[in-house]
Amino acid sequence: MSATSLPERPIAVIKLGGSILTSTKAYRRAALFVRNTLTAAPSERLVIVVSAQEGTTDTLERSARAIVQEPTRAALDLLWSTGEIRSVALLAMHLQALGVAAAPLNIHEAGLTLADAGRDKGHIHLHAGRLCGVLARHSVAVVPGFLATDSTHAIVSLGRGGSDLTAVLLAEGLQACRCELIKDVPGYFTADPHRYPAARHISQLSFAQALKLAAEGCDLVQRTAIETASRSGLPLVIRSVRNKAQVSRISNHQIISLSAATEAAEAVAS
């Protein structure tokens, strides 16, 4: 991260996934979740990372391929970015309607930049001056996930599930007190809880176990995000907007048995 002064208050990074941003009602529910989180910890500054509304990325890609079978990566990334920017604006407006003066930021203002011009290589750095300035004046900043810029200032995507990686990178760079990934389920289960109501919830697991699940087909958290958090030892909390009590925590500590992890991976992949 570039040298800059971090806000004196603790910072929490919270990612809201596209699977919970499904409609106008869902955006309002997400805004209520953010307001309640702020009310519960008024001393914190919140960085809210948002994905595009559910299905938007696929819809945009189909529209691109209807024009040209193989759109350039630059054009496709630029088109994709409209989904995240729309989510930033919508959530900020819903927060405003609830009396929360949230600051919406675009991709360049968020400050994540690839070190190299190549789109598939290079480390990602956080130039946090703009974001820290916003957090010094606002309790909530809403930023787009899934996207960064390269050394030419072009917009680049971070892979499917890339909003998880955005949250991890921001949490690391801002020295956040916690990093939460909000999903449509309250964490990891031994099977898909939407299909198998009797699936057991997994409350704690190690980075190695989360990576094993990802390798076996569980895409609850993006694999690159898990790897990045693992290298820095950044704990991750996975929860839903509906159930704040039940969460899954990923850390350096191995908690559950490997057999449970294997069971979960096989169930999800089947």
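Structure shown above.
A few points on the structure.

So, how was this worked out
- Residues numbered from 1 in each chain as written.
- Predicted model: local features only at pLDDT ≥ 70, side-chain atom pairs only at ≥ 80, totals over all residues.
- Heavy atoms only, no water.
- Pairing = 2+ DSSP bridges.
- Helix = DSSP H or I, 4+ residues; strand = E, 2+ residues; numbered from the N terminus.
- Contact = heavy atoms within 4.5 Å.
- Axes fitted to C-alpha atoms, helices over the stretch in contact; angles between N-to-C directions.
- Buried < 20%, exposed > 50% of the residue type's maximum accessible area, 1.4 Å probe, protein only.
- Expected span 1.5 Å × (residues − 1).
- Core = buried A, V, L, I, M, F, W, Y, C linked by side-chain atoms within 4.5 Å.
- Salt bridge = Lys/Arg side-chain N within 4 Å of Asp/Glu carboxyl O.
- Parallel < 35°, antiparallel > 145°, perpendicular 65-115°, else oblique.
- Left-handed = near helix turned anticlockwise from the far one by under 90°.

**Brief notes about the sheet that holds strand E14 (residues 248-251)**
Then step 1. In space, the eight strands of this open sheet follow the order E3-E6-E2-E1-E9-E13-E14-E12, with mixed pairing throughout. In this open sheet, the two edge strands, each paired with only one partner strand, are strand E3 (103-104) and strand E12 (204-206).
Then step 2. Looking at chain direction, E3 and strand E6 (residues 140-144) are connected through two bridges and run parallel. What sits directly across from Ala103, in E6, is Ala141.
Then step 3. Helix H7 (residues 207-215) contacts E12, strand E13 (236-240) and E14 of the sheet and is inclined by roughly 85° relative to E12.

**Regarding the environment of Val49**
Then step 1. On the secondary structure map, Val49 appears in strand E2 (residues 45-50).
Then step 2. For Val49, a relative accessible area of 0% translates into the label buried.
Then step 3. A sequence separation of 97 residues divides Val49 from Phe146, and the C-alpha atoms of the two residues are 9.0 Å apart.
Then step 4. Once you skip the residues sitting within four places of it in the chain, Val49 turns out to touch Val13, Ile14, Lys15, Leu16, Val143, Pro144, Gly145, Ser163, Thr166, Ala167 and Leu170.

**Re helix H2 (residues 56-67)**
Then step 1. With 12 residues, H2 extends 17 Å between its outermost C-alpha atoms, agreeing within 8% with the 16 Å of an ideal straight helix rising 1.5 Å per residue.
Then step 2. Structurally, H2 contributes buried residues whose contacts are with helix H3 (73-97).

**What to know about the pairing of strand E1 (residues 11-16)**
Then step 1. Counting buried positions over the six residues of E1 gives six, a clear majority of the element.
Then step 2. Neither face of E1 is left uncovered, since the one carrying Ile11, Val13 and Lys15 and the one carrying Ala12, Ile14 and Leu16 both have all their residues buried.
Then step 3. Examined bridge by bridge, E1 and E2 share six bridges and lie parallel to one another. Looking across to E2, one finds that Ile14 is bridged to Ile48.
Then step 4. Strand direction decides the pairing type here: E1 and strand E9 (residues 178-183), joined by five bridges, are parallel. Directly across from Ile14, in E9, lies its bridge partner Glu180.

**Notes on the pairing of E9**
Then step 1. Burial analysis of E9 places five of its six residues in the buried class, the great majority of the element.
Then step 2. Looking at chain direction, E9 and E13 are connected through four bridges and run parallel. Counted as the bridge partner of Leu181 is Ile238 from E13.

**Some words on unusual backbone geometry**
Then step 1. Located in the positive-phi region is His153, a residue other than glycine, with phi close to 75°.
Then step 2. Looking at the secondary structure, you find His153 in the loop between strand E7 (147-149) and strand E8 (155-157).
Then step 3. Take His153: its relative accessible area is 57%, and that puts it in the exposed class.
Then step 4. A positive phi angle is found at Gln175, which is not glycine, with a value near 55°.
Then step 5. Relative to the helices and strands, Gln175 is located in the loop between helix H6 (162-173) and E9.

**Description of the nonpolar core**
Then step 1. Ranked by size, the top nonpolar core spans 51 residues in total, and within it Leu170, Leu174, Tyr188 and Leu236 carry the most contacts.
Then step 2. Among the elements that take part in this core, H6 stands out by supplying six residues, more than any other.
Then step 3. Ignoring sequence-local partners within four residues, the contact set of Leu236 consists of Val168, Cys179, Leu181, Phe207, Ala229, Ser248, Arg249 and Ile250.
Then step 4. Within the second largest apolar cluster, 24 residues are counted, among which are Ala12, Ile20, Val50 and Ala102.

**Here's the deal with H7**
Then step 1. What H7 keeps buried is the set Phe207, Gln209, Ala210, Leu211, Leu213 and Ala214.
Then step 2. Following H7 by one or two positions, Gly217 has its phi on the positive side, about 115°.

**Section: the pattern of salt bridges**
Then step 1. One pass over the full model with this rule turns up 12 salt bridges.
Then step 2. Residues Arg178 and Glu180 are paired through a salt bridge, measuring 2.8 Å at the closest nitrogen-oxygen approach.
Then step 3. Arg178 sits in the partly exposed class, given a relative accessible area of 21%.
Then step 4. Counted as one network, the salt bridges with shared partners bring together Asp58, Glu61, Arg65, Glu70 and Arg160.

**Digging into the packing of H6 against helix H8 (residues 223-232)**
The axes of two packed helices give the description: the angle between them and the distance between them.
Then step 1. Where H6 meets H8, the closest approach of the two axes is 8 Å, and the angle between their N-to-C directions is 20°. In terms of their interaxial angle, H6 and H8 are classed as roughly parallel. Handedness of the H6/H8 crossing: left-handed. Contacts between H6 and H8 involve Asp164, Leu165, Val168, Leu169 and Glu172 on the former and, on the latter, Thr224, Ala225, Thr228, Ala229 and Ser232.

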